[in-house]
Amino acid sequence: MSKWRHIPEALEQRRQQGLYRKRLTLASPQSCHIKVEGQEYLAFCNNDYLGLANDPRLIESARVAMSQYGLGGGASHLVTGHIEPHHELEVRLAEFTGRDRALLFSTGYMANLGVISALVGRNDKVIQDKLNHASLLDAAQLSGARLLRYAHNDPEALRGRLESDTDSRSLVVTDGVFSMDGDIALLDQIAPLCREHDALLMVDDAHGFGVLGGEGGGCAEIFGLSQSDLPLLVGTLGKAFGTAGAFVAGSEELIEYIIQFARTYIYTTSMPPAVAAATCTSLDIVREESWRREHLVSLIQQFRREALALGYQLMDSDSPIQPILIGETEKALELANALRKKGILITAIRPPTVPANTSRLRVTFSAGHTQQDLERLLEALQQCREMTV
Ligand SMILES: *Cc1c(COP(=O)(O)O)cnc(C)c1O
């Protein structure tokens, strides 16, 4: 009898629970209109919130940079992989976020693993919101620190955690915009609490950076949080910025510490320099083309008004993440399938990604969606309404 029988058993169990995950293969660029298995779909699934993933100006910047710097990073940043476009992007991200410095990582997942495991260890605490992104929870485990979680977006519950043991160091970590619910962390209350308790605050603003604020500065901009209010700001570049990678921004001292001690920074190849060059162009567009954010807000407001009027249950979100709460996994899948037959693609999110009985259709909006796209979605939702009652 093999010791590895749990592998086929786990697969079979996933199938039986209706939780088996399958990938789609796109035959088109990432966009609101995608081609999958010869079919065109209107999609509300990606995190390309500003519609930049396929912007010709980003592609041109990457092309120019590739002719100058080649394709691969070829080494880690600390060996010879730190190339001019990387450096320029770091300088510009620091300036944009109003921090001393910014440090690039190859992905947001690696930024979170690296930063948290560098900053805390066995004798420390990491205090996290219950709904934080998987990478933040994994990071806590990797660090060896004691993980304490608090009720979702509840500053009083956080206070309880901070007061429970005041001897050890505490790192407080929260998503800026929660990825499966779309609500925004109450940083105006969380930041002062952290300061009061000498806890270091880290915000992962993967879904807010580029999207929220007049200039796209994200949660730090809308709450007006300086470097001393919010010492560790993580942003990702694969979502609103339309490219790939991530950064952490903060004080000179913290960034130097992370360079020295973050293993996911030290032991990995730098991102292709052309990606960094394209991201510099993206940063200009994010700051200047505020119409993208304004268009998004108007899509979101109209969607909320009309979907609620149809009797759908939405969540408390002003962000481009607008989940339609269904509850039962089968019903959520049924609705997703019915929409798919109408040429509309929306991902059903089910356990274990979200808690049991909170399966949902995670609708995400992009500045690339038109008014007609939204109307098509609303019409289809109207036609499918009876499935969810
Ligand atoms: C997407 C996401 C990440 C991971 O970023 P990648 O660059 O895609 O690895 C981290 N945190 C949150 C909250 C995210 O939504």
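Nothing here was measured: the structure is a model prediction, and the numbers come from that model.

A. A look at the sheet that holds strand S2 (residues 39-43). Taken together, three strands build an open sheet; the order of strands is S1-S2-S12 and the sheet is mixed. Unpaired on one side and paired on the other, strand S1 (33-36) and strand S12 (344-345) mark the two borders of the sheet. In this structure, S2 lies alongside S12, joined through two bridges in parallel fashion. Its bridge partner being in S12, Ala-43 is matched across the sheet by Leu-345.

B. Expanded view of the sheet that holds strand S13 (residues 347-349). Taken in spatial order, the four strands make up an open sheet running S10-S11-S14-S13, and their pairing is antiparallel. The sheet is open, and its two edges are formed by strand S10 (313-314) and S13, each paired on a single side. Pairing of S13 with strand S14 (residues 359-364) involves three bridges; the strand directions are antiparallel. Bridge pairing links Thr-347 to Arg-362 in S14. The sheet strands contacting helix H14 (residues 329-341) are strand S11 (321-327), S13 and S14, and the helix crosses S14 at an angle near 35°.

C. View of the site of the ligand. Lining the immediate surroundings of the ligand are 14 residues, of which Gly-108, Tyr-109, Asp-204, His-207 and Lys-239 lie closest. Here Asp-204 contributes a side-chain N or O atom positioned 2.5 Å from a nitrogen atom of the ligand. A distance of 2.5 Å separates an oxygen atom of the ligand from a polar atom in the side chain of His-207. Burial of the ligand by the surrounding chains reaches 82%, relative to a free accessible area of 380 Å². If you tally residues by element for the shell around the ligand, the top one is helix H5 (residues 108-119), at three residues. A per-class count over the shell around the ligand returns two nonpolar, nine polar and three charged.

D. Representation of the pattern of salt bridges in the model. Throughout the structure, instances matching the rule amount to 21 salt bridges. For Glu-95, the salt bridge is made with Arg-287, and the minimal N-O distance between the two is 3.2 Å. Of this pair, Glu-95 sits in helix H4 (residues 84-97) while Arg-287 sits in helix H12 (residues 273-288), and the two are 192 residues apart along the sequence. Residue classification places Arg-287 among the partly exposed residues on the basis of a relative accessible area of 26%. Its salt-bridge partner being Glu-196, residue Arg-159 comes within 3.3 Å of it at the nearest N-O pair. Placement of Arg-159 in helix H7 (residues 155-164) and of Glu-196 in helix H8 (residues 187-196) is noted, with a sequence separation of 37 residues between them. Given the relative accessible area of 25%, Arg-159 is considered partly exposed. Since its relative accessible area comes to 53%, Glu-196 is described here as exposed. One connected set of salt bridges, linked through shared partners, spans Asp-55, Arg-57, Glu-289 and Arg-292.

E. Focus on unusual backbone geometry. Here the residue pair Pro-351 and Pro-352 is connected by a cis peptide bond, since its omega of 5° sits within 30 degrees of zero. Residue position: Pro-352 is located in the loop between S13 and S14. Despite not being glycine, Asn-357 shows a phi value in the positive range, around 65°. Its relative accessible area of 62% is what places Asn-357 among the exposed residues.

F. Here's a closer look at the layout of surface pockets. What the largest pocket holds in volume is close to 1,300 Å³. Counting residues per element, the lining of the largest pocket draws most heavily on H14, at four residues. When the residues that make up the lining of the largest pocket are grouped by side-chain class, the tally is 14 nonpolar, 13 polar and nine charged. Residue contributions to the lining of the largest pocket reach at least three from each of two domains, namely domain 1 (10-43 + 290-388) and domain 2 (56-288).

G. Structural view of the domain arrangement of the protein. The domains assigned to the protein are domain 1 (10-43 + 290-388) and domain 2 (56-288). Here the C-alpha centroids of domain 1 and domain 2 sit 27 Å apart. In this complex, domain 1 contributes 17 residues to the contact, which on the side of domain 2 involves 19 residues. Per-residue buried area on domain 1 facing domain 2 is highest for Arg-293, Ile-321 and Arg-362; these three make up 41% of the total on that side.

H. Region of interest: the packing of aromatic side chains. All told, the structure shown has seven aromatic pairs when counted by the stated rule. Ring centres 4.7 Å apart and planes at 40° place the aromatic pair Tyr-257 and Phe-261 in the tilted group. Here Tyr-257 and its partner Phe-261 are both found in helix H10 (residues 252-261), four residues apart, which amounts to about one turn of the helix. Note on Tyr-257: relative accessible area 34%, which makes it partly exposed. Over the aromatic face of Tyr-20 sits the side chain of Arg-15, whose NZ or CZ is 4.5 Å from the ring centroid. Taking the ring centre of Tyr-312 as reference, the NZ or CZ of Arg-385 above it sits at 4.7 Å.

I. Main features of the packing of H5 against H10. As a packed pair, H5 and H10 sit with axes 9 Å apart at the nearest point and diverge in direction by 100°. Here H5 lies roughly perpendicular to H10, going by the angle between them. Of the residues in H10, those in contact with Val-115, Ala-118 and Leu-119 of H5 are Leu-254, Tyr-257, Ile-258 and Phe-261. Here the contact of H5 with H10 is composed, by residue class, of seven nonpolar, no polar and no charged.

Conventions adopted
Residues numbered from 1 in each chain as written. Predicted model: local features only at pLDDT ≥ 70, side-chain atom pairs only at ≥ 80, totals over all residues. Heavy atoms only, no water. Pairing = 2+ DSSP bridges. Helix = DSSP H or I, 4+ residues; strand = E, 2+ residues; numbered from the N terminus. Contact = heavy atoms within 4.5 Å. Axes fitted to C-alpha atoms, helices over the stretch in contact; angles between N-to-C directions. Near = heavy atom within 4 Å. Polar contact = N/O pair within 3.5 Å; in protein donor to acceptor, adjacent residues only side chain to side chain. Areas by Shrake-Rupley, 256 points an atom, 1.4 Å probe, with all protein chains shown as cover. Nonpolar A, V, L, I, M, F, W, Y, C, P; charged D, E, K, R; others polar. Salt bridge = Lys/Arg side-chain N within 4 Å of Asp/Glu carboxyl O. Buried < 20%, exposed > 50% of the residue type's maximum accessible area, 1.4 Å probe, protein only. 1 Å grid on protein atoms, 1.4 Å probe; cavity = no way out; pocket = protein on both sides within 12 Å on 5 of 7 lines; lining within 4 Å. Points joined across faces, edges and corners; volume = space filled by probe spheres on them. Domains from an automatic or database assignment. Buried area = accessible area lost by both parts, 1.4 Å probe. Phe/Tyr/Trp six-rings, centres within 6.5 Å; stacked < 30°, edge-to-face > 60°. Lys NZ or Arg CZ within 6 Å of the ring centre and 35° of its normal. Parallel < 35°, antiparallel > 145°, perpendicular 65-115°, else oblique.

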